Amino acid sequence: MNKKYIGYLFEIAWILPSIAIPIAILVAVIITAFVAGVGVPGDGGQINPAAIAQTAPFDQPGVRELAPGRYEVAVVAQVFQFMPGEIRVPRGAEVTFVVTSRDVIHGFKINKTPVNVMVIPGQISRVTTTFDEPGEYLLVCHEYCGTGHHVMAGKVIVE
Ligand code: CUA
């Protein structure tokens, strides 16, 4: 094998991954966006964190039925809990979570679902999903928010 030929092999060994890796990333983005249903949360609006107790829907955190099969859940995140900590929704319903924070940045992630948003003081996060499988889903704060971050959790019960 002459030196020139070995040089070509090295070129190909680097060129192939440099093409394959961006393609793999693109495929991963397309799959998460269109197959797994993961998307960027929309602008849910702004809120004065000091006025949460007086501002709808956060003045009454909890589940509200908007229409048959459609629910809205208002959730307030604060160190180190979600209010309400237990959310009950029927199976198959379209559920929109409207979440804000009273104090610092928190996370709002429901295991086994595409629901995964940041919760920022002054901002409202809005995310919609449908629970097809009944059961208990763990709701966790996945943004480090202080010494009690690891205990900040709740649950969604689909019945
Ligand atoms: Cu709230 Cu971590």
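In this text the structure is predicted, and so the values were computed from the model without any measurement. (Residues numbered from 1 in each chain as written. Predicted model: local features only at pLDDT ≥ 70, side-chain atom pairs only at ≥ 80, totals over all residues. Heavy atoms only, no water.)

Participant: Which parts of the structure should I look at to understand the side chain of S125?
Facilitator: For S125, the position within the fold is in strand β8 (residues 125-130). Given a relative accessible area of 9%, S125 falls into the buried group. Among the polar contacts made by the side chain of S125, one reaches the main-chain carbonyl oxygen of M118 at a distance of 2.7 Å. Other than its neighbours up to four places away in sequence, S125 contacts F97, V98, V99, V117, M118 and V119. (Helix = DSSP H or I, 4+ residues; strand = E, 2+ residues; numbered from the N terminus. Buried < 20%, exposed > 50% of the residue type's maximum accessible area, 1.4 Å probe, protein only. Polar contact = N/O pair within 3.5 Å; in protein donor to acceptor, adjacent residues only side chain to side chain. Contact = heavy atoms within 4.5 Å.)

Participant: Would you take a moment to explain unusual backbone geometry for this structure?
Facilitator: It is generally the case that most residues other than glycine have a negative phi and that most peptide bonds are trans. A cis amide bond links A56 to the next residue, P57, at an omega of 0°. Counting through the fold element by element, P57 comes out in the loop between α1 (3-35) and β1 (62-67). Phi is positive for K112, close to 65°, though the residue is something other than glycine. Here K112 falls in the exposed class, since its relative accessible area comes to 71%.

Participant: I would appreciate a short explanation of the pairing of strand β9 (residues 135-140) in the present structure.
Facilitator: In regular strands, side chains alternate between the two faces of the sheet. Sheet analysis places strand β6 (residues 106-110) next to β9, joined by two bridges and oriented antiparallel. When the sheet's bridge partners are listed, K109 is paired in β9 with V140. Relative to strand β10 (residues 153-158), β9 runs antiparallel, the two being bridged by six bridges. Each bridged residue has a counterpart across the sheet, and for E136 the counterpart in β10 is I157. (Pairing = 2+ DSSP bridges.)

Participant: Whenever I open this one, the pattern of salt bridges confuses me. Can you help?
Facilitator: Oppositely charged side chains are able to pair whenever their charged atoms sit close together. This structure, assessed with the given rule, holds six salt bridges. Taking the shortest distance from any N to any O, the salt bridge between R64 and E72 comes out at 4.0 Å. Judged by its relative accessible area of 26%, R64 is partly exposed. Look at E72 and you get buried, because its relative accessible area is 14%. In this structure, the salt-bridge partner of E94 is R70, at a minimum N-O distance of 3.8 Å. Here E94 is found in strand β5 (residues 94-101), whereas its partner R70 is found in strand β2 (residues 70-78), with 24 residues between them in sequence. Residue E94 is classed as partly exposed on the basis of its relative accessible area, which comes to 35%. (Salt bridge = Lys/Arg side-chain N within 4 Å of Asp/Glu carboxyl O.)

Participant: What is the right way to read the domain arrangement of the protein chain from this model?
Facilitator: How large an interface is tends to be reported as the accessible area lost when its parts come together. Considered domain by domain, the protein chain is made up of domain 1 (1-38) and domain 2 (42-158). For domain 1 and domain 2, the distance between their C-alpha centres works out to 39 Å. (Domains from an automatic or database assignment.)

Participant: It is not clear to me how the sheet that holds β10 should be interpreted in this structure. Could you clarify?
Facilitator: Neighbouring strands of a sheet are bound in pairs by backbone hydrogen bonds; such pairs are parallel or else antiparallel. Ordered in space as β4-β10-β9-β6-β7, the five strands form an open sheet in which the pairing is mixed. Each edge of the sheet is formed by a strand with only one pairing partner; in this case those strands are β4 (86-89) and β7 (116-119). Sheet twist, expressed as the average angle between the axes of neighbouring strands with direction ignored, equals 20°. Note that β4 and β10 share four bridges and pair parallel. (Axes fitted to C-alpha atoms, helices over the stretch in contact; angles between N-to-C directions.)

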